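Okay, here's what each chain looks like letter by letter:
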Amino acid sequence: MTSPTPGTARPSSGSPPSGQGRGRKPFVRTVSKTGWWLKHPRYMRYMSREVTCIFIGAFALLMLCAVERLSKGQAAYESFMATLQQPLGVVGLLLVLAFALHNATSWFNVTPKALPVQIGEAFLAGKYIVGAHYAVWIVATLVVVFFAGVL
Amino acid sequence: MAKSNKPIFWSLFAAGGTLAAFLAPVLALLFLLAALGHTPTLLSYAHLHAFAANWLGKAFLFGVIALFLWHAAHRLRVTLHDFGLRQDAIVAVVVYLVAAFGSGLSALYLLRM
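Residues numbered from 1 in each chain as written. Chains lettered and ligands numbered in written order. Predicted model: local features only at pLDDT ≥ 70, side-chain atom pairs only at ≥ 80, totals over all residues.

**Q** So what's going on with the overall build of chain A? Residues and values would help.
**A** Along chain A, the regular secondary structure elements total six helices and two strands. Start at the N end of chain A and walk to the C end: the helices and strands fall as α-α-α-α-α-β-β-α. (Helix = DSSP H or I, 4+ residues; strand = E, 2+ residues; numbered from the N terminus.)

Below, the structure is given as structure tokens:
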């Protein structure tokens, strides 16, 4: 019914297994619930991709605050933007930028798996699907940068 | 067979992830420039207020904030499970409520401008 949970010892209660005098000693692989991802570089790469959500979420909340301050008038908005200039704001936004870039590259790199393009019998090579996403990303970035008046 | 609500949350996760992949880096760059004292024109009060006064600007800001929130909420739910927090029912309610509340607030603030 229930299989032994990884990381927990088998309960010793219950009737001993019928047998030839020796109890069964099944091999139970112990897996840490919290630190399993430290065991292999592949797991760490997976987790680095997953934790980008913390920074995307925090950035969304920051933009929500900016919109709230914007709706309260010029003084409120400008004092909010001034607080971003504190060291904590700069470091936080650098982290957001780094993890946003990691989300973008890891997201685009799996697009051949997520959006396979079939042409007749064959599938379009993954590099074209990834390349198209990177091309759109560069164009979108340039459009925003020009629209925002950076360049 | 019971109906599953998984496709709804997964669609919002995927849509938000795609939008974040294309736009989060450059938007973070704009805010970083402002934090470094080189505020881009768009992030000045007059320009951003004019942008948010336009219905197209409102739709853009709402889409970015709401979809980023739903993306982060769904992925955070899975990630907390991966870090060993196994109370999925409670985690799901909390993260989705924050995303829903944040989306609602952003709509409210944008409609006031």
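**Q** Describe the overall build of chain B, and please don't skip the residues or the numbers.
**A** In terms of helices and strands, chain B carries four helices and zero strands. Helices (α) and strands (β) of chain B occur, in sequence order from the N terminus, as α-α-α-α. Relative to a compact globule of 113 residues, whose C-alpha radius of gyration would be 13 Å, chain B shows 17 Å and is clearly more extended. Along the longest, intermediate and shortest principal axes, the C-alpha atoms of chain B span 55 × 30 × 20 Å. Counting the 113 residues in chain B, one finds 40% classified as buried. Within chain B, contacts between residues separated by at least 24 positions form 64% of all contacts whose residues are at least 6 apart in sequence. (Rg over C-alpha atoms; globule rule 2.2 N^0.38 Å. Buried ≥ 20, exposed ≤ 12 C-beta atoms within 10 Å, placed from the backbone. Contact = placed C-beta atoms within 7 Å.)

**Q** A description of helix α6 (residues 126-147) of chain A should follow, citing residues and the corresponding values.
**A** Between its first and last C-alpha atoms α6(A) spans 32 Å; for 22 residues at 1.5 Å apiece the expected length is 32 Å, and the two agree. Note on α6(A): the residue one or two positions beyond its end, A:Gly149, has a positive phi of about 80°. (Expected span 1.5 Å × (residues − 1).)

**Q** Break down the domain arrangement of chain A for me, with residues and values.
**A** Partitioning chain A into structural domains gives domain 1 (34-109) and domain 2 (115-151). Just the C-alpha atoms count here: the centres of domain 1 of chain A and domain 2 of chain A sit 23 Å apart. (Domains from an automatic or database assignment.)

**Q** Please set out the interface of chain A and chain B residue by residue, giving values where relevant.
**A** The parts lose accessible area when they come together, and the size of an interface is often stated as this lost area. Listed as interface residues are 47 residues of chain A and, on the opposing side, 48 residues of chain B. Taken together, the elements giving at least two residues each to the side of chain A that touches chain B come down to α1 (41-50), α2 (52-71), α3 (74-83), α4 (87-109) and α6 of chain A. The leading source of residues in the side of chain A that touches chain B is α2(A), at 13 residues. The residue inventory of the side of chain A that touches chain B, partitioned by class, reads 34 nonpolar, nine polar and four charged. (Nonpolar A, V, L, I, M, F, W, Y, C, P; charged D, E, K, R; others polar.)

**Q** Outline the environment of A:Leu64, supporting the account with residue identities and numerical values.
**A** Among the structural elements, A:Leu64 can be located in helix α2. Looking at A:Leu64, the number of C-beta atoms within 10 Å reads 21, which means it is buried. For the pair formed by A:Leu64 and A:Arg42, sequence separation is 22 residues and the distance between their alpha carbons is 34 Å. For A:Leu64, the contacting residues outside a window of four places in its chain are B:Ile65, B:Gly102, B:Leu105 and B:Ser106.

**Q** With reference to specific residues and values, describe the environment of B:Thr39.
**A** Considering the arrangement of structural elements, one finds B:Thr39 in the loop between α1 (6-35) and α2 (45-53). Separated by 32 residues in sequence, B:Thr39 and B:Pro7 place their C-alpha atoms 40 Å apart. Every residue in contact with B:Thr39, bar those within four places of it in the chain, is listed here: A:Met81, B:Leu33, B:Ala34 and B:Ser44.

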